[in-house]
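So the chains spell out like this:
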Amino acid sequence: VVQDPKTKKYSLGFKVFELGCAVLTNAELRRAALPVMEELGERTRETINLSVVNNGERVCIEKVESKEAVRNFVELGMRAPLYCGATGKVLLAFMSEEEARRVLDRQELISPVTGGPIDRTILEKELEVIRYQGYAVTREERSLGAASVSAPIRDHTGRVVAALTISGPTSRFSPERVVELIREVKGAAGAISQRLGYSG
């Protein structure tokens, strides 16, 4: 809130406007993404999720559950670090160098699976590769038995605003199928980007 120096009355400050704009942006993103996500889910029969960055973490804002008996469960609103898992790494890779450095500087890089430290130099090299190839693939980085393939979504300005991810059990993510899923997730992320006005 801000206080008027003359009347001493309070009114809502710019931060509330900023938060409102963020909510509207996410709502537009979800509307643009959901039909594409549903089609992707039908084709791949895996769990599809849409995530954005919030306070230095990834947050799931939309999902389409797999219809398979064995599948990955993703909760809406679920938060996770950016430094592990395909979704987080895509979001981290396409941040500005300064923003990514701030995110990595303010937390201890610990593997959720092994509990051991993650080598930051190796991570930064991996992020370079992700930026170059335009997608990320991970196996058992956030949880045992799970694999993910993720690609960036861009808005009309070309800025990466979200990550689209296909996830499922490692048993269904053979090397041959991962190649197919990379093609699928990149195509779907490109389609959502177009719906947001990206023409690159």
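Residues numbered from 1 in each chain as written. Predicted model: local features only at pLDDT ≥ 70, side-chain atom pairs only at ≥ 80, totals over all residues. Heavy atoms only, no water.

Q: Is there a simple way to explain the environment of Ser 111 in this structure?
A: The topology assignment puts Ser 111 in the loop between α3 (97–105) and α4 (120–133). Along the sequence, Ser 111 and Tyr 83 sit 28 residues apart, while their C-alpha atoms lie 9.0 Å from each other. The residues contacting Ser 111, other than those within four sequence positions of it, are Gly 116, Ile 118 and Glu 141. Here Thr 114 takes part through its backbone nitrogen, which lies 3.1 Å from a polar atom of the side chain of Ser 111. (Helix = DSSP H or I, 4+ residues; strand = E, 2+ residues; numbered from the N terminus. Contact = heavy atoms within 4.5 Å. Polar contact = N/O pair within 3.5 Å; in protein donor to acceptor, adjacent residues only side chain to side chain.)

Q: Explain the sheet that holds strand β3 (residues 47–54) to me, please; I cannot follow it from the model alone.
A: Strand pairing in a sheet is mediated by backbone hydrogen bonds. Such pairs are either parallel or antiparallel. Pairing is antiparallel in the open sheet, where six strands are placed in the order β5-β4-β3-β8-β7-β6. The open sheet is flanked by β5 (79–81) and β6 (136–139), the only strands paired with a single partner. Averaged over neighbouring strand pairs, the angle between their axes works out to 30 degrees when direction is ignored. With seven bridges connecting them, β3 and strand β4 (residues 57–64) associate as antiparallel partners. Bridge pairing in β4 places Leu 50 opposite Glu 62. Lying on the sheet, helix α2 (residues 86–93) is in contact with β3, β4, β5, β6, β7 (146–154) and β8 (160–169); it crosses β7 at an angle near 30 degrees. (Pairing = 2+ DSSP bridges. Axes fitted to C-alpha atoms, helices over the stretch in contact; angles between N-to-C directions.)

Note that every value here comes from positions in space, so none of it alone points to a role or purpose.
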